[in-house]
Amino acid sequence: MEFIDQAFARRLESCEEMPQVFYARVFQKTRPEIGAAEEEICGGHMIFAGLGSPIGRATGLGLDRPLTAEDLKRVEQFYRQHKAPSQVDLCPLHDASVFEMFKERGYGIAELNNVLYRRLDPKEKFPAPTGCELERGQWQDAEACSSIVERAFFPDGAPEPFTGLLTPLYQMEGALTFVASVEGKMAACGAGLVIPEHKVFAVCGAGTLAEFRGRGLQTALLHARLTAAAKAGCEYAVVVTQGGTASQRNCERLGFRVAYSKVTVIKKLEQG
């Protein structure tokens, strides 16, 4: 098991950082009306991808250099310009003074998640999938796959900011997407993003239609993604989950281990 220090945490945090950066860049071209933006700061990025969007936080800051009060002022100004609350990801590898600084600035906890990782080996062999057909996802599959993920998480209909959220992933360089079909019907999907500068693979974008659950489709899709990521030169796969979920248990069964728990802290937009 690897020793988790700031340098390794920086690599892991890129799996939350870079997909958001690429989403903002795609939205700038495809949805200019939402005013998406991304900007480098203190070794990471601050991202805005639309009001109410689950994408759009400052991530990767302060792990390869000190995070200062001036940096935090820049973050707050960035989100104030977009009329959005300031949100920042922090992990236990940040200095204690960083947490005190956010406390003094009136931040509270918005989310608590676990970061899991797994070493990849291009020589590793996984069992062949049974009961389904696996194929690489194509651009024409983007809307159908996005719909599967939405229905998996929101059976009664996804809120507007979550609608079509997976589709831009299919336009990103380094995306690895797979589809599982059962008897000719698309039943599940899984995606992820290769981040070559850190040699890591961000696992994301997975969902299974309710009637096809319990068949091991997500295990097969994860095996396919890990194999492809290893061939692409990635040393680690990384997934971020909420604690105690079936998703985390599935990942742990496949060799993922918790590196640390992280928080997203938030400061509400000041009026006036």
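Data block above holds the structure.
How each quantity is defined
Residues numbered from 1 in each chain as written. Predicted model: local features only at pLDDT ≥ 70, side-chain atom pairs only at ≥ 80, totals over all residues. Heavy atoms only, no water. Helix = DSSP H or I, 4+ residues; strand = E, 2+ residues; numbered from the N terminus. Buried < 20%, exposed > 50% of the residue type's maximum accessible area, 1.4 Å probe, protein only. Pairing = 2+ DSSP bridges. Salt bridge = Lys/Arg side-chain N within 4 Å of Asp/Glu carboxyl O. Contact = heavy atoms within 4.5 Å. Core = buried A, V, L, I, M, F, W, Y, C linked by side-chain atoms within 4.5 Å. Phe/Tyr/Trp six-rings, centres within 6.5 Å; stacked < 30°, edge-to-face > 60°. Lys NZ or Arg CZ within 6 Å of the ring centre and 35° of its normal. Arc of directions from axis to C-beta.

Engineer: Please give an account of unusual backbone geometry that cites residues and values.
Structural biologist: Unusually for a residue other than glycine, Lys 83 sits at a positive phi of about 55 degrees. Relative to the assigned elements, Lys 83 resides in the loop between helix H2 (69–81) and strand E4 (86–90). One non-glycine residue, Lys 199, adopts positive backbone phi at about 55 degrees. With respect to the secondary-structure elements, Lys 199 resides in the loop between strand E8 (185–195) and strand E9 (200–208). Its relative accessible area of 42% is what places Lys 199 among the partly exposed residues.

Engineer: Quick rundown of the pairing of strand E11 (residues 257–267)? Include the residues and the values.
Structural biologist: Examined bridge by bridge, E4 and E11 share five bridges and lie antiparallel to one another. When the sheet's bridge partners are listed, Leu 90 is paired in E11 with Val 263. Sheet topology places strand E5 (residues 108–119) next to E11; nine bridges connect them, and they run antiparallel. Following the sheet pairing, Glu 111 is matched in E11 by Thr 264.

Engineer: Break down the pattern of salt bridges for me, citing the residues and quoting the values.
Structural biologist: Across all of its chains, the model carries 16 salt bridges by this definition. The partner of Lys 262 in a salt bridge is Glu 16, and the shortest N-O contact between them spans 3.6 Å. Of this pair, Lys 262 sits in strand E11 while Glu 16 sits in helix H1 (residues 6–30); the two residues are 246 residues apart in sequence, bridging distant segments of the chain. Put simply, Arg 74 and Glu 39 hold a salt bridge, and the shortest N to O gap is 2.7 Å. Of this pair, Arg 74 sits in helix H2 while Glu 39 sits in strand E1 (residues 37–41), and the two are 35 residues apart along the sequence. Taking relative accessible area as the criterion, Arg 74 reaches 33% and is therefore assigned partly exposed. You can call Glu 39 partly exposed: its relative accessible area is 35%. Because the salt bridges share partners, they merge into one network encompassing Glu 13, Glu 16, Arg 57, Asp 89 and Lys 262.

Engineer: Run through the environment of Leu 222, naming residues and quoting values.
Structural biologist: Residue position: Leu 222 is located in helix H5 (residues 217–231). Judged by its relative accessible area of 5%, Leu 222 falls in the buried class. Distance from Leu 222 to Thr 208, taken between C-alpha atoms, is 12 Å for residues 14 residues apart in sequence. With sequence-adjacent residues up to four places away left out, Leu 222 is seen in contact with Val 203, Leu 254 and Phe 256.

Engineer: A description of the nonpolar core should follow, citing residues and the corresponding values.
Structural biologist: Ranked by internal contacts, the top residues of the largest apolar core, which has 69 residues, are Leu 12, Tyr 117, Leu 169, Phe 201, Leu 217, Phe 256 and Tyr 260. Per element, the largest residue contribution to this core is ten residues, and it comes from H1. Not counting chain neighbours up to four residues away, the residues in contact with Phe 201 comprise Cys 15, Leu 176, Ala 191, Gly 192, Leu 193, Val 194, Arg 225, Ala 229, Cys 234, Tyr 236, Ala 237 and Val 238. Within the second largest apolar cluster, 21 residues are counted, among which are Phe 48, Leu 61, Leu 67 and Tyr 79.

Engineer: Can you explain the packing of aromatic side chains? Please cite residues and give values.
Structural biologist: Applying the stated criterion across every chain yields a total of seven aromatic pairs. For the ring pair Tyr 117 and Tyr 236, a centre distance of 6.1 Å and an interplane angle of 65 degrees mean the geometry is edge-to-face. Here Tyr 117, found in strand E5, pairs with Tyr 236, found in strand E10 (residues 236–241); they are 119 residues apart in sequence, far enough to count as distant. Residues Tyr 117 and Tyr 236 agree in their burial class; the two are buried. An aromatic cluster is present here, built from Phe 8, Tyr 117 and Tyr 236 joined pairwise through their rings. Over the ring of Phe 27 we find Arg 31; its NZ or CZ atom is 5.4 Å from the centre of that ring.

Engineer: Give me the lowdown on helix H3 (residues 96–104), citing residues and values where you can.
Structural biologist: Owing to its 3.6 residues per turn, the α-helix brings residues three or four apart onto one side. Inspection of H3 places Val 98, Met 101 and Phe 102 among the buried residues, and these make up the whole buried set. Taken end-on, H3 shows its buried residues confined to a sector of 95 degrees, consistent with a single buried face. Exposed residues lying more than 90 degrees from the buried face of H3 are Ala 96, Ser 97, Lys 103 and Glu 104. Where H3 is buried, its residues touch H2, E4 and E11. Gly 106 sits one or two positions beyond H3 and adopts a positive phi of about 85 degrees.

Engineer: Any details on the environment of Gly 137? Residues and values, ideally.
Structural biologist: Positionally, Gly 137 belongs in the loop between strand E6 (133–136) and helix H4 (142–153). We classify Gly 137 as buried; its relative accessible area is 13%. Each C-alpha atom of the pair Gly 137 and Leu 176 lies 7.8 Å from the other, and the pair is 39 residues apart in sequence. Apart from the residues lying within four places of it in its own chain, the contact partners of Gly 137 are Tyr 170, Thr 177, Phe 178 and Val 179.

Purely spatial values, then, with no claim about function.
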